[in-house]
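# Structure assessment
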Amino acid sequence: APAPAARPLALLGPGGRRATVFAIHGVGGVAIYNPEDSINATSSSRGPLPPLNLTPRDLTRPFGYFLAQLRTLLGLPSTPPSGGACSASSLGEPCLAFRTLPSEEGVADWELDALAREWLGHHLWETKKGLLDIAELLRKMPQIEIQQDVAEKTSQALSFLEQSVSLAQENTYESLRYARAAWDASEAAYFDPTLVGQLYFGLEQELAVYTPLIAPVMIPLVLGLLTELRRYFKKQKAKKIGGTGKEKKKDCLATTEPVLK
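Residues numbered from 1 in each chain as written. Predicted model: local features only at pLDDT ≥ 70, side-chain atom pairs only at ≥ 80, totals over all residues. Heavy atoms only, no water.

### What to know about the overall build of the protein
Formally: Runs of H or I in DSSP of at least four residues are treated as helices and runs of E of at least two as strands, each being numbered from the N terminus. Burial classes: relative accessible area under 20% of the type maximum marks a residue as buried, over 50% as exposed, and values in between as partly exposed (1.4 Å probe, protein chains only). Contact criterion: two residues are considered in contact whenever any of their non-hydrogen atoms come within 4.5 Å of each other.
For the protein, the count of helices and strands is six helices and six strands. If you list the helices and strands of the protein from N to C, you get β-β-β-β-α-β-β-α-α-α-α-α. Across the 261 residues that make up the protein, the buried fraction comes to 18%. Contacts in the protein between residues at least 24 apart in sequence constitute 59% of all its contacts with a sequence separation of at least 6.

### Let's talk about the packing of helix α3 (residues 148-167) against helix α4 (residues 172-190)
What counts is decided by this rule: To obtain an axis, a line is fitted to C-alpha atoms, over the contacting stretch when the element is a helix, and the angle between two such axes runs from 0 to 180 degrees between their N-to-C directions. When an angle is under 35 degrees it counts as roughly parallel; over 145 it counts as roughly antiparallel; between 65 and 115 it counts as roughly perpendicular; any other value is oblique. What makes a crossing left-handed is the near helix being turned counterclockwise from the far one by less than a right angle; a clockwise turn instead makes it right-handed. Three categories are distinguished: nonpolar for Ala, Val, Leu, Ile, Met, Phe, Trp, Tyr, Cys and Pro, charged for Asp, Glu, Lys and Arg, and polar for the others, with Gly belonging to the last.
The interhelical angle for the contact between α3 and α4, taken along N-to-C directions, is 160°, at an axis separation of 8 Å. One element, α3, and the other, α4, form an angle in the roughly antiparallel class. In this structure, α3 meets α4 at a crossing whose hand is left-handed. Along the contact surface, α3 presents Val150, Lys153, Thr154, Gln156, Ala157, Phe160, Leu161, Gln163, Ser164 and Leu167, while α4 presents Thr172, Glu174, Ser175, Tyr178, Ala179, Ala181, Ala182, Ala185, Ser186, Ala188 and Ala189. Of the residues that constitute the contact of α3 with α4, the class distribution is twelve nonpolar, seven polar and two charged.

### Remarks on the pattern of salt bridges
Going by this rule: In what follows, salt bridge is the name for a side-chain nitrogen of Lys or Arg lying within 4 Å of a carboxyl oxygen of Asp or Glu.
This model, assessed by the stated rule, comprises nine salt bridges. Across the pair Lys153 and Asp192 runs a salt bridge whose closest N-O atoms are separated by 3.1 Å. Placement of the pair is Lys153 in helix α3 and Asp192 in the loop between α4 and α5 (193-200), with a sequence separation of 39 residues. Residues Lys153 and Asp192 agree in their burial class; the two are buried. Within the structure, one salt-bridge network assembled from shared partners comprises Glu136, Arg139 and Lys140.

Nothing here speaks to function; it is all geometry.
Following this line, the structure appears as structure tokens:
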């Protein structure tokens, strides 16, 4: 609670709107509690502040803000729906009125069911989209090598997807659990390091990256190899020519030997 001289303390929001609660993204919510019995306190108050004895009635308003923030984080409206509604078909049938009852716990069971069904549809759609993206990727780039790990993750995603669809009408929460597992498996398969590496670093990219590094080392080796091959062939040619000369000399000696006798 703020000091008595600063009560009632409020924050000035957009449009001059005063508020006593605000949310910090990623941290949580903060509520300023102004005790009702000290609203008229003046700055002349001195000395230590007396302890505050908070009753459940005093905490109703701050915890109402926290409940609204919790509902927002869950994906529900900040305030529970209240009042009645009327639903009529386009065939001129009589209007069917219904009323939503608030829950003492802040979140009604039917709201959780609706939220579970919404997330179920989201996960099923994302899983289907991820698997179709993998199939389309393989169709466009058939040279990509699929590792065994990626194939197993894809198979798991299909298996979980089938189980989720089969349980959708019987148990929404169990179906949601399988749908989430299928989505995780499809995401893991699509973003597998072995697959992503081939997708964004193909053969052309690898040649462009490694050629400047390998060429300075390979060129001297290739030139040295060519020099040694040239020297080897010259030596072999010289040996062949030398052997041919010796044979001719022997033939000449053989033909002139009878004449000398």
